[in-house]
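Here are the chains, one letter per residue:
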Amino acid sequence: MKKRVLSIIFTGIIVSSTFLGGCSTKESNVSKSDVSKFNVTGLPIVKQKVTLKVVSPKAPLAPSYNEMTIFKKLEEQTNVHIDWNNIPDTDYQEKKNLLLASGDLPDAFYNAGFSDYDLVKYSQDGTIIPLDDLIDKYMPNVKKLLEKKPEIKKFITSPDGKIYSLPIGEEMGSGQGAIGSNPYFFFINKKWLDKLGMKIPTTLDELHDVLVAFKEKDPNGNGKKDENPMSFIHMWWCADIGNLFGGFGMADPNDHLIVRDGKVIYTAVREEYKEAIQYFSKWVQEGLIDKESFTLTKDPNALFAKGKTSEQTLGSFIWWEETEIVGPEREKDYVLVGPLKGPKGEQKIAWSNGSQWGRGAFVITKANKNPEITARWIDQQFEPKMTAQIHWGPIGEVYEEKDGKLVNKPLPEGVAMGEFRQKVAPNGAGVVTAEDFEKIVDMEPRAKVRIDRVKLFTPYMEKEHLPSLFYTPEEVERRNQIETELGEYVNKKRAQWLMNGGIEGEWDKYLSDLKKIGIDEYIKITQAAYDRYNSNK
Ligand code: CA
């Protein structure tokens, strides 16, 4: 894309006569709460141009932000000029930390990438200011979002009960219907099922019999026993077997944490977990599960290759979607399998922990002499149609409006979406909500398909989960310490027991080892942060 040379010059004179009755002041040193110097509502925000210094990371292909159409529009509308300090995104965290340490502060950080640690540290020492009052008085769009989505308000609220940063996110589906609420999709070879005269399994025992038939009955018809009944990747975020454990009453997500009745539960100490491991360990002994499922933990490419062998050999697998594994020619041969009932009729799916939003996307510093104007400026980016343009690019370049909805224009020839997005969209703040995706902006077709598929699992999904909790720096430090050791040990034993059996004899020692590592404290810290989240209003 060619650099745009057009620069739009806007003088304060034109707008001043309209909005402030020609009252003229010299410059932009608007003092705090001096509401006569800016418009509390409507546009422009100020009659005479005000400049704010804002630091932001920038993607490699992005132009300087003052050359982006979307920011030119925003300056035209608001009369607020931004003196951007655009830092290449690869250097950003380091440069940001240097700026904060030096005390040479901008007015605000945009696409700020403030970690929870940063937010607590720099709010406690006063480097960044609380936004609660500003949201209430000068950010109607943010306020509306937080009223409509109280879970986002809880999510951005600091452990001290105040809000110091604004969120960013794209809600692809919401709640248990979110695009990633069950990342482990289990696909089975329907062509082989048809050939063998078998039905898509609905229970674990039926699946067992199908896998035996895949192994023994030469469904690919080449006269060789070369079929691989089932492959996955142990503990990979979208390829693990943990949701099949749900047939025993409790699924096992990657972090081994689920929530029931407000209580945080560690799955890998439960009887359900033990029973599931005993059950699936037998499948490994019978040769129904590919043993490489336990060794591919650093490289999913080997799983991709198993789906694309010249003779079709893959019976079933777990992954985010089927095409990546088996390729476009074979995708029609595989079907998604719903939640499978266990031997006692249990049928549970975990609801993945985490959130679709990030916090720390925008912060205002104590150096800012115009926090109200800054608040009004950033609030423009939370108006839903503007948020979409900030995330993907402006109307005219990326979108056209059809019946009030933003619809994607065809991409310029030879341009990839990801690259184009870097050039036209700062993607620095704002939340595109699930409702926005229905009413005002088009969603990528592949995302729509996946959200539809998640519906197969939601009736069986846990009713609660842990959002990305806001820990204090002390909590984070201790929790991470325990989590690392706990995860390594638990996951190692899980793989060993599934591959070789032996859980019965080692279970008691395992439980006492977890106590020594600090599992009780780990749960306690997690529970405290979850309780705090729930108590935010
Ligand atoms: Ca064969």
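Owing to the predicted nature of the structure, the values given are computational and were not obtained by experimental measurement.

How each quantity is defined
- Residues numbered from 1 in each chain as written.
- Predicted model: local features only at pLDDT ≥ 70, side-chain atom pairs only at ≥ 80, totals over all residues.
- Heavy atoms only, no water.
- Helix = DSSP H or I, 4+ residues; strand = E, 2+ residues; numbered from the N terminus.
- Buried < 20%, exposed > 50% of the residue type's maximum accessible area, 1.4 Å probe, protein only.
- Contact = heavy atoms within 4.5 Å.
- Areas by Shrake-Rupley, 256 points an atom, 1.4 Å probe, with all protein chains shown as cover.
- Lys, Arg positive; Asp, Glu negative; His and termini not counted.
- Charge placed at Lys NZ, Arg CZ, Asp CG, Glu CD.
- Arc of directions from axis to C-beta.
- Pairing = 2+ DSSP bridges.
- Axes fitted to C-alpha atoms, helices over the stretch in contact; angles between N-to-C directions.
- Phe/Tyr/Trp six-rings, centres within 6.5 Å; stacked < 30°, edge-to-face > 60°.
- Lys NZ or Arg CZ within 6 Å of the ring centre and 35° of its normal.
- Polar contact = N/O pair within 3.5 Å; in protein donor to acceptor, adjacent residues only side chain to side chain.
- Core = buried A, V, L, I, M, F, W, Y, C linked by side-chain atoms within 4.5 Å.
- Parallel < 35°, antiparallel > 145°, perpendicular 65-115°, else oblique.
- Nonpolar A, V, L, I, M, F, W, Y, C, P; charged D, E, K, R; others polar.
- Left-handed = near helix turned anticlockwise from the far one by under 90°.
- Expected span 1.5 Å × (residues − 1).

1. A few points about the overall build of the protein
Tallying secondary structure elements over the protein gives 20 helices and 13 strands in all. Based on the C-alpha atoms only, the size of the protein along its principal axes is roughly 85 × 55 × 35 Å. Split into buried and exposed, the 537 residues of the protein put 53% on the buried side. Of all intrachain contacts in the protein linking residues separated by at least 6 positions in sequence, the fraction that spans at least 24 positions is 75%. Entry remark: accessible area of the protein is about 24,100 Å², with carbon and sulfur atoms responsible for 52%. Distance from the positive charge centre (73 side chains) to the negative charge centre (79 side chains) of the protein: 2 Å.

2. A word on helix α6 (residues 140-148)
The periodicity of an α-helix, 3.6 residues per turn, causes residues three or four places apart in sequence to face the same way. Along α6, the positions that sit buried rather than exposed are N141, V142, L145 and L146. The buried residues of α6 occupy an angular sector of 135° when the element is viewed end-on, so they sit on one face. Facing away from the buried side of α6, by more than 90 degrees, are the exposed residues P140, K144 and E147.

3. Let's talk about the sheet that holds strand β2 (residues 80-88)
Spatially, the 6 strands line up as an open sheet ordered β2-β1-β3-β10-β4-β13, and their pairing is mixed. Looking at which strands have only one partner, the edges of the open sheet turn out to be β2 and β13 (430-432). Averaged over all pairs of adjacent strands, the angle between strand axes in this sheet comes to 30°, irrespective of strand direction. Relative to β13, strand β4 (residues 166-170) runs parallel, the two sharing 3 bridges. Directly across from G169, in β13, lies its bridge partner V431. Against the sheet, helix α13 (residues 371-380) makes contact with β1 (50-58), β2, β3 (108-110), β4 and β10 (357-364), and its axis sits at roughly 145° relative to β10, the strand it touches most.

4. Quick notes on the pairing of strand β6 (residues 257-260)
Remember that side chains alternate between the two faces of the sheet whenever the strand is regular. As defined by bridge partners, β6 adjoins strand β7 (residues 263-266) across 4 bridges and the pair is classed as antiparallel. Residue pairing for β7: L257 is matched across the bridge by Y266. Where β6 folds back on β7, the antiparallel hairpin that results is connected by 2 residues, among which D261 adopts a positive phi of roughly 50°.

5. Overview of the packing of aromatic side chains
Here a ring pair, both rings aromatic, is described through the centre-centre distance and the interplanar angle of the planes. Inspection of the entire model under this criterion finds 38 aromatic pairs. What links up through ring pairs into an aromatic cluster is the set F245, F248, Y273, Y279, F280, W283, Y489, W497, W507 and Y510. One cation-aromatic arrangement involves R359 over F155; the distance from NZ or CZ to the ring centre is 4.4 Å.

6. A short note on the side chain of H391
Relative to the helices and strands, H391 resides in helix α14 (residues 384-392). From its side chain, H391 meets the backbone oxygen of G430 in a polar contact 2.9 Å long. Excluding residues within four positions of it along the chain, H391 makes contact with I168, G169, E170, R421, A425, N427, A429, G430 and V432.

7. Looking at the nonpolar core
In terms of nonpolar packing, the biggest core is built from 56 residues, with M230, I241, Y266, F280, W283 and Y510 touching the most fellow members. Among the nonpolar cores identified, the runner-up in size contains 44 residues, and Y65, M68, L145 and F362 belong to it.

8. Side note on the packing of helix α18 (residues 473-500) against helix α19 (residues 503-517)
Two numbers describe how α18 lies on α19: the axes approach to 11 Å, and their chain directions differ by 175°. Here α19 runs roughly antiparallel to α18, going by the angle between their axes. For the pair α18 and α19, the contacting residues are I482, E485, L486, Y489, V490, K493 and W497 in the first and I503, E506, W507, K509, Y510, D513, L514 and I517 in the second. Its residues assigned to classes, the contact of α18 with α19 shows 10 nonpolar, no polar and 5 charged.

9. Re the packing of helix α10 (residues 271-285) against α19
Following both chains from N to C, one finds α10 and α19 inclined at 150°, their axes separated by 11 Å at the closest point. The angle between α10 and α19 falls in the class roughly antiparallel. Judged by the twist between their axes, the crossing of α10 over α19 is right-handed. Where α10 approaches α19, its residues E271, Y273, K274, I277 and Q278 are matched on the opposing element by I503, E504, W507 and Y510. Of the residues belonging to the contact of α10 with α19, the class tally is 5 nonpolar, 1 polar and 3 charged.

10. Regarding the sheet that holds strand β9 (residues 334-337)
Across a sheet, paired strands are connected by hydrogen bonds in the backbone, their directions being either parallel or antiparallel. Sheet architecture is open: 3 strands sit in the order β8-β5-β9, paired in antiparallel fashion. This sheet does not close on itself; its edge strands, each paired only once, are β8 (316-319) and β9. The sheet shows a mean angle of 30° between the axes of neighbouring strands, direction not considered. Note: strand β5 (residues 185-189) against β8, 4 bridges, orientation antiparallel. The partner of F187 across the bridge, within β8, is F317. Those strands touched by helix α9 (residues 204-216) are β5 and β8, and its axis lies near 45° from that of β5. In the packing of helix α12 (residues 323-330) onto the sheet, contacts are made with β8 and β9, and the angle to β8 comes to roughly 120°.

11. Description of helix α20 (residues 519-535)
The end-to-end C-alpha separation of α20 is 24 Å, in line with the 24 Å expected for 17 residues at 1.5 Å each. Residues of α20 that are buried: I519, Y522, I523, I525, T526, Q527, A529, Y530 and Y533.

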